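Residues per chain are reported as follows:
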Amino acid sequence: MAAGLSSNLPGPKTTLTLYELGLTNSASMTPVETWTAIQDLSGSLQPLSAKESMEYNKETLIANFKFIVASSCFINSTNEAKLVSKNQLRSTTRTFDIIFNGARPEAMIPHYSVILKEVT
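Basis of the calculations
Residues numbered from 1 in each chain as written. Predicted model: local features only at pLDDT ≥ 70, side-chain atom pairs only at ≥ 80, totals over all residues. Heavy atoms only, no water. Helix = DSSP H or I, 4+ residues; strand = E, 2+ residues; numbered from the N terminus. Buried < 20%, exposed > 50% of the residue type's maximum accessible area, 1.4 Å probe, protein only. Contact = heavy atoms within 4.5 Å. Areas by Shrake-Rupley, 256 points an atom, 1.4 Å probe, with all protein chains shown as cover. Phe/Tyr/Trp six-rings, centres within 6.5 Å; stacked < 30°, edge-to-face > 60°. Lys NZ or Arg CZ within 6 Å of the ring centre and 35° of its normal.

Caption draft 1: Molecular detail of the overall build of the protein. Scanning the protein for helices and strands turns up one helix and six strands. Counting over 120 residues, the protein shows a buried share of 33%. Residue pairs in contact within the protein that sit at least 24 positions apart in sequence constitute 54% of those at least 6 positions apart. Total accessible area computed for the protein in this model is approximately 7200 Å², and 54% of it derives from carbon and sulfur atoms.

Caption draft 2: Fine view of the packing of aromatic side chains. Counted under the stated rule, the structure contains two aromatic pairs. Between Phe65 and Phe96 the ring centres are 5.3 Å apart and the planes differ by 70 degrees, which places this aromatic pair in the edge-to-face class. Taken together, the residues Phe65 in strand E3 (residues 58-70) and Phe96 in strand E5 (residues 95-104) connect sequence positions 31 residues apart. Given a relative accessible area of 9%, Phe65 falls into the buried group. Given a relative accessible area of 0%, Phe96 falls into the buried group. Arranged with centres 5.9 Å apart and planes meeting at 85 degrees, the rings of Phe74 and Tyr112 form a pair that is edge-to-face. With a gap of 38 residues between them, Phe74 in the loop between E3 and helix H1 (77-80) and Tyr112 in strand E6 (residues 111-119) connect regions that are remote in the sequence. Exposure remark for Tyr112: the relative accessible area of 12% places this residue in the buried category. Its end group placed over the ring of Tyr19, Arg90 keeps NZ or CZ at 4.0 Å from the ring centre.

Rendered as structure tokens:
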């Protein structure tokens, strides 16, 4: 990533790792999810909302976040193309499903505004 670009993004700075979802078959031929780390991304993680909800018959806190990451942060276009809703962003203690990815190529610093749902 170009030096200083992530520091120009608004909000608290953090590094999240992009993970790609893959499917393999178990010995019994049932699909098994696998996760592959793609690349660390430096950006800004901002809370949007939080609410309590009933999921799977238990009360759960659902938190939504926005992660802003500069387009120049990506090592290559292949990794950049993996910032999609089936994949995840993770820190060492938290996991987020990617819900929506909004590209902002016209901005002063071309970036992605990624909406996340924390996996609990």
